[in-house]
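Working through the structure, step by step
Here's the letter readout for the chains.
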Amino acid sequence: MPYLDDPLIIFTDLDGSLLDHHDYSWEPAQPWLDRLATAQIPLILTTSKTSAEVAALQSALQLTHLPFIAENGAMIHFPASWRPESPVPGARYADIRHTLEELRHRYDFEFRGFGDVTPKQVAIWTGLSEPDAALAMQREASEPLIWFGNDLDFSHFKKCLTREGLALTRGGRFWHVMGVDAGKGPAVQWLAAEYQRQRGKPVITLGLGDGPNDISMLEAVDHAVVIKGHHDHAMPLSRHHASQVFRTSEFGPHGWVQGLDHFITLPAREIQK
Ligand SMILES: [Mg+2]
């Protein structure tokens with residue numbers, strides 16, 4: 001198990017993980033956030049939100065000097081100081097929209113994406129306020145859509161997307177169209193490799209998440225914290241050993257704290273406090 005002075009990188013989901021499912025507070029996690037900041041351990045926000053939605057939160061958490069992963073892994077956002085050398089994965093939003101519109105024109109597919117509607121409509125779909133809906137609509141690398149057509153057309157639609165190098169993943173209410181190789185897991189792997197390249201030595205990765213869209217991230221890290229979620233989905237992982245996977249008994253930021261307490265060994269002087 002890693003120590004606080006090991007070359008750790010931590011990837012965390014937001015809603016229901018670092019943030020409380022109901023009031024979005026991260027207060028219980030603050031002592032650990034301070035510890036990580038002091039030890040200069042990067043904390044990478046890894047979320048389904050858009051960059052526009054994450055920006056204010058990243059700033060409130062004092063993490064703006066770090067990259068973050070948005071749109072379920074389809075987008076990696078870098079601080080101004082970063083110059084990644086390897087090509088950053090992902091499709092461009094404009095290209096995704098272009099493909100979707102062309103397919104709809106050709107086959108009469110019945111769907112509506114965020115790019116087809118107004119903030120008012122997205123607010124109705126999501127329950128967000130209109131200004132928040134506008135932030136959620138600032139897409140860079142993935143498109144949420146609602147399918148209105150039949151099942152037969154849907155499987156045809158899926159095949160067409162695959163041919164175009166795009167994939168469809170299930171969200172809560174929406175289907176998400178993104179690059180075929182995109183996901184939280186691939187984004188975590190890419191960023192860990194980039195850290196390793198910059199530092200010239202191996203890194204140890206730890207991930208925390210509560211939902212099915214976190215599974216690829218939890219599979220990609222050395223140490224996985226499965227935070228108890230407000231949902232009925234099983235969270236199957238290929239590993240079970242306590243040195244690799246820890247399942248919390250608490251929800252949200254309380255579970256987040258349990259996970260870090262489990263995996264990260266503090267220096268003796270801190271334990272005595
Ligand atoms: Mg979550």
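Residues numbered from 1 in each chain as written. Predicted model: local features only at pLDDT ≥ 70, side-chain atom pairs only at ≥ 80, totals over all residues. Heavy atoms only, no water.

**Considering the coordination of the magnesium ion**
Condition: Water is not among the atoms examined, so metal sites may look incomplete; donors are the N, O and S atoms within 2.8 Å of the metal, or within 3.2 Å for Na, K and Ca. In this description a helix means any DSSP run of H or I spanning at least four residues, a strand means any run of E spanning at least two, and both kinds are numbered starting from the N terminus. Type-normalised accessible area, obtained with a 1.4 Å probe on protein chains alone, sets the label of each residue: buried when under 20%, exposed when over 50%, and partly exposed for intermediate values.
At the metal site, the magnesium ion is ligated by D13 (OD), D15 (O) and D210 (OD), and these contacts range over 2.2 Å. For the magnesium ion, the single-chain donor residues occur in sequence as D-x1-D-x194-D. Of this pair, D13 sits in the loop between β1 (8-12) and α1 (30-38) while D210 sits in the loop between β9 (204-209) and α8 (215-220); the two residues are 197 residues apart in sequence, bridging distant segments of the chain. Overall, the relative accessible area of 10% leaves D210 in the buried class.

**Notes on the sheet that holds β9**
Selection rule: At least two DSSP bridges between two strands are required for those strands to pair. As a rule, the C-alpha atoms of each element are fitted with a line to give its axis, helices using only the stretch in contact, and angles between N-to-C directions run from 0 to 180 degrees. The contact definition used throughout considers only heavy atoms, calling two residues in contact when any of these lie within 4.5 Å.
With parallel pairing, the five strands of this open sheet are ordered in space as β2-β1-β9-β10-β11. With one partner strand each, in any of the chains shown, β2 (43-45) and β11 (245-251) form the two edges of the open sheet. Neighbour to neighbour, the strand axes of the sheet diverge by 20° on average, direction disregarded. One ladder, built from five bridges, connects β1 with β9; its direction is parallel. Its bridge partner being in β9, I10 is matched across the sheet by L206. Against the sheet, helix α9 (residues 252-263) contacts β1, β2, β9, β10 (223-228) and β11, and its axis sits at roughly 145° relative to β11.

**Some words on the domain arrangement of the protein**
Selection rule: Note that the domain bounds were set by an automatic or database domain assignment. Two parts placed together each lose some accessible area under a 1.4 Å probe, and the buried area is that loss summed for both. Put simply, a salt bridge is a Lys or Arg side-chain nitrogen that is within 4 Å of an Asp or Glu carboxyl oxygen. Any pair of N or O atoms that falls within 3.5 Å is considered a polar contact. Within protein, one atom must be able to donate a hydrogen and the other to accept it, and sequence-neighbouring residues count only if both atoms are side-chain atoms. Think of it as three bins: nonpolar holds Ala, Val, Leu, Ile, Met, Phe, Trp, Tyr, Cys and Pro, charged holds Asp, Glu, Lys and Arg, and polar takes everything else, Gly as well.
According to the domain assignment, the protein contains domain 1 (8-88 + 183-272) and domain 2 (93-179). Of the residues lining the interface, nine residues belong to domain 1; the matching set on domain 2 comes to eight residues. For domain 1, the biggest contributors to the area lost against domain 2 are A52, E53 and E71; these three give 48% of the whole. Where R139 meets E71, a salt bridge forms, and the shortest distance between an N and an O atom there is 3.8 Å. On the surface where domain 1 and domain 2 come into contact, there are five residue pairs in polar contact (both at pLDDT 80 or more). By residue class, the composition of the side of domain 1 that touches domain 2 is three nonpolar, four polar and two charged.

**Focus on the environment of I264**
Along the polypeptide, I264 turns up in the loop between α9 and α10 (268-272). Assessed through its relative accessible area of 4%, I264 is described here as buried. Taking the C-alpha atoms as reference, I264 lies 15 Å from V226; in sequence the two are 38 residues apart. Excluding residues that lie within four positions of it along the chain, I264 makes contacts with P2, Y3, L4, L8, I10, W32 and L206.

**Looking at the pairing of β1**
Basically, it comes down to this: For the handedness criterion, the strands are oriented away from the viewer, and a crossover whose path from the first strand over the helix to the second runs clockwise is classed as right-handed.
For β1, a buried count of five out of five residues is recorded, marking the element as mostly surrounded by other parts of the structure. Note: β1 against β2, three bridges, orientation parallel. In the sheet register, F11 faces β2, and the bridge partner there is I44. With α1 bridging β1 and the parallel β2, this β-α-β connection has right-handed handedness.

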